[in-house]
Amino acid sequence: MRLCMIGTGYVGLVSGVCFSDLGNNVICVDKNINKINNLQKGIIPIYEPGLEELVEKNIKNQRLSFSTDLKSSIKKSDIIFICVGTPTKKGSSNADLKFIFDVAKDLAKNINKFKIIVTKSTVPLTTGDDIEKILLKKNSKNKFAVVSNPEFLREGDAIRDFIYPDRIVVGANDTKSNRILKNLYSPLIAKGAKYLSTSRRAAELIKYASNAFLATKITFINEIANLCEKTKINIEDIAIGMGLDERIGSRFLRAGPAYGGSCFPKDTKAITSTADKFKTNLTVIKSVIKSNENRSQLLLKRVYKIFNNKIKNKKISFLGVTFKANTDDMRDSSSLTMIPKLSKMGAYIRYFDPTGYKKEFKEYKNVSYSKSISRCLYKTDLIIIHTEWNDFKSLDFTKLIKNKKTIIFDMRNLYSPQKMLKKNIRYLSVGRG
Ligand code: UGA
């Protein structure tokens, strides 16, 4: 099939490349000329394991191309995926749909034959209806179908999630486009992926409800971890004990810092504001947002306690600053709350991240990037394990720590407190009282 992905961010690029690998002809379109020039040369704008190899392979076999020419790309394609960003609108909780509607207007002008227009970006309930209205201004009803096909890709695991999805959700209000989309996904369905066909609005809501539920699960375990800390219980025992109940499931029950990234914080806000619009109060999700926003403050209080509130001139080393491992994404990472706060209180912060220097900390003069783990940890007062990179999972702290008073605050519970005790290393973690 001939596909066009509009927007070469995470969603568009990963999905486009994977669709081409399944044998389709895919054009990935973006307004950003630099990005397209680089992609044509195989230079990838994001860190995603395995993506570069797939781009190279599919450019070579001529199934994948990159272009800034939206008009001709639309004309050449049968299915068009809208993959542009839906960030939070400044000063509100709503998703900003400007980019989506701009694309819809461009599509309206360039439909030359029947096209299936698919929203892959996370768009609020009824956005498909609004896109349809825009298209109808210039086209008759039988020229297009608007379908919702949300993505469930995790950064860092995006290719695997695409190839082995738990489910493929297609929300189409007509049978023709449902049939065509099912055919597009048939190689994945043949490998066991479940295909769920719903109404367009239901598909839109499935995406938001799923992200909000996962965010709730994490926040729930984080709050239970707070209770464990006060009662000398190990949070891992609780997570395992709960997770063994198949109705609950064991995934997304890892306690840690506040959840972050480009999706959960934005999508939890957007679903509550959509619900408000329909006069429905999503109180559970609202309290999840609040609890998560308080989480960095709560963990910082534990840092203050370590130093008896005397933060000035303390040397603090962060291992990992991205919102999770296997990504270079800093969006809504809890390090963006914690590091500036500690720096303002007079601490000297060094950080190491496998994805390198971060411009986000440029303005803080006592925050510096270390090129290696050992440099980062050299004669430090406190080590904060912030992100669960494999690189940090089996460090020999007896060699790395040069100052016997150094304390480790492991926010991802990567190490055993008992083993640390045996090594005489001062060690704190999350939810392990
Ligand atoms: C999330 C969803 O998992 C994807 O299914 C979805 O497609 C994507 O958003 C999206 O809407 O595009 P992602 O943001 O890449 O994917 O990251 P996750 O792996 O879900 O992690 C989100 C946050 O939750 C991270 O800060 C992570 O550290 C935290 N987390 C996750 C925990 O604290 N504990 C856990 O057990 C799991």
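To keep things clear, this report deals only with the structure shown in the data block. Every value quoted in this text rests on a predicted model; they were computed, and no experiment measured them.

1. Structural notes on the site of the ligand
Item 1. Of all residues adjacent to the ligand, which total 19 residues, the nearest are Glu151, Glu155, Lys207, Asn211 and Cys263.
Item 2. Contact between the ligand and glutamate 151: an oxygen atom at 2.7 Å from a side-chain N or O atom of the residue.
Item 3. Between leucine 153 and the ligand, the recorded distance is 2.9 Å, taken from a backbone N or O atom to an oxygen atom.
Item 4. Protein contacts shield 95% of the accessible area of the ligand, which totals 710 Å² for the unbound molecule.
Item 5. Put simply, the parts of the chain that give the shell around the ligand at least two residues each are α10 (200-231) and α12 (264-277).
Item 6. For the shell around the ligand, the element with the most residues is α10, which contributes three residues.
Item 7. The residue inventory of the shell around the ligand, partitioned by class, reads nine nonpolar, two polar and eight charged.
Item 8. Here the shell around the ligand spans two domains, since at least three of its residues come from each of domain 1 (2-198) and domain 2 (211-433).

2. Looking at the packing of aromatic side chains
Item 1. By the definition in use, this model includes eleven aromatic pairs.
Item 2. Seen in terms of ring centroids, tyrosine 351 and tyrosine 369 are 5.5 Å apart; in terms of plane orientation they differ by 50 degrees. Their pairing is tilted. Taken together, the residues tyrosine 351 in strand β10 (residues 348-352) and tyrosine 369 in strand β11 (residues 367-369) connect sequence positions 18 residues apart.
Item 3. When its relative accessible area of 1% is taken as the criterion, tyrosine 351 is described as buried.
Item 4. Here tyrosine 369 falls in the partly exposed class, since its relative accessible area comes to 27%.
Item 5. Within the aromatic cluster, the residues linked to one another by ring pairs are Phe19, Phe81, Phe162 and Tyr185.
Item 6. In this structure, arginine 167 is placed above the aromatic ring of phenylalanine 152, and the distance from its NZ or CZ to the ring centre is 3.6 Å.
Item 7. Directly above the ring of phenylalanine 114 sits lysine 176, whose terminal nitrogen or CZ lies 3.8 Å from the centroid.

3. Description of the side chain of arginine 200
Item 1. Looking at the element boundaries, arginine 200 is found in helix α10.
Item 2. Overall, arginine 200 belongs to the buried group, its relative accessible area being 3%.
Item 3. Among the polar contacts made by the side chain of arginine 200, one reaches the side chain of aspartate 129 at a distance of 2.9 Å.
Item 4. Within the structure, the side chain of arginine 200 is placed 3.0 Å from the side chain of glutamate 132, a separation counted as a polar contact.
Item 5. If we ignore the near neighbours within four places in the chain, the residues touching arginine 200 are Gly128, Asp129, Glu132, Val146, Val147, Ser148, Gly171, Ala172 and Asn173.

4. Overview of α10
Item 1. With 32 residues, α10 should cover 46 Å at 1.5 Å per step; its first-to-last C-alpha distance of 47 Å lies within 8% of that length.
Item 2. One or two residues past the end of α10 sits lysine 232, with phi positive at roughly 55 degrees.

Procedures and definitions
- Residues numbered from 1 in each chain as written.
- Predicted model: local features only at pLDDT ≥ 70, side-chain atom pairs only at ≥ 80, totals over all residues.
- Heavy atoms only, no water.
- Near = heavy atom within 4 Å.
- Polar contact = N/O pair within 3.5 Å; in protein donor to acceptor, adjacent residues only side chain to side chain.
- Areas by Shrake-Rupley, 256 points an atom, 1.4 Å probe, with all protein chains shown as cover.
- Helix = DSSP H or I, 4+ residues; strand = E, 2+ residues; numbered from the N terminus.
- Nonpolar A, V, L, I, M, F, W, Y, C, P; charged D, E, K, R; others polar.
- Domains from an automatic or database assignment.
- Phe/Tyr/Trp six-rings, centres within 6.5 Å; stacked < 30°, edge-to-face > 60°.
- Buried < 20%, exposed > 50% of the residue type's maximum accessible area, 1.4 Å probe, protein only.
- Lys NZ or Arg CZ within 6 Å of the ring centre and 35° of its normal.
- Contact = heavy atoms within 4.5 Å.
- Expected span 1.5 Å × (residues − 1).

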